[in-house]
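Here are the chains, one letter per residue:
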Amino acid sequence: MANLNGRARQENTYDAIVVGSGITGGWAAKELTQKGLKTLVLERGPMVRHLEDYPTATMDPWQTKYPQGQLPSDELNAKYPVQKRTGYTLTEYTRHFFVRDDQNPYTEESRYDWIRGYHVGGRSLTWGRQSYRHSPIDFEANAREGIGVDWPIRYEELAPWYDHVERFIGVSGQAEGLPHLPDGQYQPPMEMNCVEKAFKAKSEARFPERRITMGRTAHLTDPTEEQLALGRTKCQYRNMCIRGCPFGGYYSSNSGGLVAAERTGNLVIRPGSIVTSLIYDEKAGKATGVRILDATTRQEEEFYADVVFLCASAFNSAWIMMNSTSSRFPNGFGNGSDQLGRNVMDHHLGVGASGEAPEFADMYYSGRRPNGIYVPRFRNLGDAATKRSDYLRGFGYQGGASRPGWDRDLTRPGQDPSGPRGFGAARKAALSQPGPWIIGLGGFGEILPYEDNRITLNRDKTDEFGLPTLSMNVTIRENELAMRRDMQTAAAEMLEAAGFKNVEGRDGGYAPGLGIHEMGTARMGRDPKTSVLNAHNQVHECKNVYVTDGAAMTSASCVNPSLTYMALTARAADHAVQARKRGDL
Ligand SMILES: Cc1cc2nc3c(=O)[nH]c(=O)nc-3n(C[C@H](O)[C@H](O)[C@H](O)COP(=O)(O)OP(=O)(O)OC[C@H]3O[C@@H](n4cnc5c(N)ncnc54)[C@H](O)[C@@H]3O)c2cc1C
Ligand code: SF4
């Protein structure tokens, strides 16, 4: 479509455009609108309104079509061959929040598990809510070890924005005073159960450097006035969060950022708008807006703004930039460094240990808890005592202890090894008893940024809209494999030190993407020759385009990343508003 003129162009013109409405898009929208900018949010998927559009949120187990909501394998294989790979996310309760893989193809030069949701709110609806800060050593690690490039910021520069984000979204957690896992603005922590408390006491006595704390999670345990005014309430511990929470008990864009943005009167959301490229004005040396493909009419349209925020998630923001070629940017938007699409990182997982706690057979807990315990990183902290000679960086554990319920499968190992099999009275009697206590630890390990771990634009393979698709070529290397060995051993020794029985280490294998923390495809850095974004998330080569999702990450740390994405987004939005006021964009 040709550039619009006159009134039509004016109608499509805003102060700011935000691409994507997930965790980062919601934050960009909130910050920009609250600071007075008329903001258009372009979202490729359909609208999901808080409360109205969570169709399975209150569904009971007996209301599902399939037992336990487990989709039949022919449907999974035909429609969700990638989304099903996590083994825990895709069910009858949740399938509307995940993409159909048959409709959203990409090429796996090496296996890549790209787990996605295309709708208003993105994966802020389905995320696990674990929320930890990167630490000073995370921001210094690349420079210290000569890996990748140096972060252009340090922890202290992001700390006030972590505060700002935590206060708004609400994070429950325990302050621990650890330099390598900085404390934040916390609502009261959730409680450990008796087995977890015993584990903490005994394991910490044996390994004092391996702190065990309650998971820090974006759930309201003591909501603030601001959160209540948005219509959010205290978490009810239903643990059905992934279906969307009518209480607003956990943070999502739909219950938080977008609601706050809408209330300013400065927000317009346009669902069904696939942003295909940035519009670049060579004379002015800046972007003037974006092109979209309307998912319903399949018409192209253009929207204009002084500033554009790419928040479409790490791979999709990179895709938009790769697809935005011009004579100025023949190799992709802002890609003078050739780093666009490179340095893909995730967190490797699927490795840890589990054990049983038979001595607690007469103990139980009431209700559910949408959270677990957390063991902060305890390797390579910068001192001799924690230094490993076989790998760089570190990992944390997430885990917990629980008893499987009435729907446990007695034929599966670990569920009730001593229990009866098959059908009949014995089975019925067994199921009226809680299963054994099982405690598990699963590691989340840091992956280093490797330049040749990359995604590329594949113009030969197109999707249903005729748009080019991505090709993935990402693998883990010796550093990660050595870390995995240690992740398994260290977990087992902690469980054994606590006296648990039948402790088993395991490595179930890992394929990149399975951590659902893809990042690094347009990294921040100090030098335009070796990075795509500057210290404020601006494209080095085009200052009025900001990229604030996982694409911006220069290294991965080992903690769940979304809190950092939100803090970077809030900081960048503040910068954009000030720069626009000064006429610097
Ligand atoms: C099951 C699960 C568990 C997780 N657990 C955690 C956790 O515990 N802690 C944590 O920190 N993180 C967790 N994550 C990861 C977290 O969800 C992501 O890091 C986060 O959502 C990324 O935010 P984002 O804004 O970059 O992308 P998203 O939230 O994915 O949003 C991107 C949005 O952009 C839209 N979009 C894409 N392309 C275009 C386009 N071309 N035009 C217009 N719109 C577009 C998409 O439709 C989507 O709505 C989890 C994720 C999943 C799925
Ligand atoms: S556990 Fe809390 S956040 Fe999750 S669905 Fe229940 S009330 Fe909502």
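An account of the accompanying structure is given in this report. (Residues numbered from 1 in each chain as written. Chains lettered and ligands numbered in written order. Predicted model: local features only at pLDDT ≥ 70, side-chain atom pairs only at ≥ 80, totals over all residues. Heavy atoms only, no water.)

What about the side chain of Asn537?
Stage number 1. In this structure, Asn537 sits in the loop between strand S18 (501-507) and strand S19 (538-539).
Stage number 2. When neighbours within four sequence positions are excluded, Asn537 is seen to be in contact with Met524, Val545, Tyr546, Val547, Thr548, Ala552, Leu568 and Ala572. (Helix = DSSP H or I, 4+ residues; strand = E, 2+ residues; numbered from the N terminus. Contact = heavy atoms within 4.5 Å.)

Remarks on the sheet that holds strand S16 (residues 454-462)
Stage number 1. An order of S3-S17-S16 is seen for the three strands of this open sheet, with the pairing classed as mixed. Across the chains shown, the open sheet's two edge strands, defined by having one partner strand only, are strand S3 (107-108) and S16.
Stage number 2. Of the strands in this sheet, S16 and strand S17 (468-473) are in contact with helix H9 (residues 314-322), which crosses S16 at around 60°. (Pairing = 2+ DSSP bridges. Axes fitted to C-alpha atoms, helices over the stretch in contact; angles between N-to-C directions.)

Considerations on the nonpolar core
Stage number 1. Within the largest apolar cluster, 98 residues are counted, with the highest numbers of intra-cluster contacts made by Ile169 and Phe333.
Stage number 2. In terms of residue count, helix H5 (residues 155-169) provides more of this core than any other element does, eight residues in total.
Stage number 3. Ignoring any residue separated from it by four or fewer positions in sequence, one finds Phe333 in contact with Leu278, Tyr280, Ala287, Met321, Ser324, Leu340, Val539, Cys542 and Val545.
Stage number 4. Formed by 34 residues, the second largest nonpolar core is a distinct cluster that contains Cys194, Tyr397, Ala491 and Phe500. (Core = buried A, V, L, I, M, F, W, Y, C linked by side-chain atoms within 4.5 Å. Buried < 20%, exposed > 50% of the residue type's maximum accessible area, 1.4 Å probe, protein only.)

What about the site of ligand 1?
Stage number 1. With respect to spatial proximity, 36 residues lie near ligand 1, and among them Thr24, Glu43, Arg123, Gly128 and Ser562 are the closest.
Stage number 2. One of the backbone nitrogen or oxygen atoms of Arg44 is found 3.1 Å away from a nitrogen atom of ligand 1.
Stage number 3. Protein chains shield 97% of the accessible area of ligand 1, which is 990 Å² for the free molecule.
Stage number 4. With three residues, strand S8 (residues 273-281) is the largest single contributor of residues to the shell around ligand 1.
Stage number 5. Within the shell around ligand 1, the residues separate by chemical class into 13 nonpolar, 18 polar and five charged. (Near = heavy atom within 4 Å. Polar contact = N/O pair within 3.5 Å; in protein donor to acceptor, adjacent residues only side chain to side chain. Areas by Shrake-Rupley, 256 points an atom, 1.4 Å probe, with all protein chains shown as cover. Nonpolar A, V, L, I, M, F, W, Y, C, P; charged D, E, K, R; others polar.)

A closer look at the site of ligand 2
Stage number 1. In the vicinity of ligand 2, 13 residues are found, and the nearest of them are Cys235, Gln236, Asn239, Cys241 and Cys245.
Stage number 2. Looking at the shell around ligand 2 residue by residue, the classes come out as eight nonpolar, four polar and one charged.

Some words on H5
Stage number 1. The end-to-end C-alpha separation of H5 is 20 Å, in line with the 21 Å expected for 15 residues at 1.5 Å each.
Stage number 2. Along H5, the residues classified as buried are Tyr155, Leu158, Ala159, Trp161, Tyr162, Asp163, Val165, Glu166, Phe168 and Ile169.
Stage number 3. After H5 finishes, the residue Gly170 shows a positive phi value of roughly 80°. (Expected span 1.5 Å × (residues − 1).)

Considering the packing of H5 against helix H12 (residues 562-582)
Stage number 1. Put simply, H5 and H12 touch, their axes get as near as 8 Å, and they point 110° apart. Here H5 lies roughly perpendicular to H12, going by the angle between them. For the pair H5 and H12, contact is made by Glu157, Leu158, Trp161, Tyr162, His164, Val165, Glu166 and Ile169 and by Leu563, Thr564, Met566, Ala567, Leu568, Ala570, Arg571 and Asp574, respectively.
Stage number 2. Taken together, the residues that form the contact of H5 with H12 break down as 10 nonpolar, two polar and four charged. (Parallel < 35°, antiparallel > 145°, perpendicular 65-115°, else oblique.)

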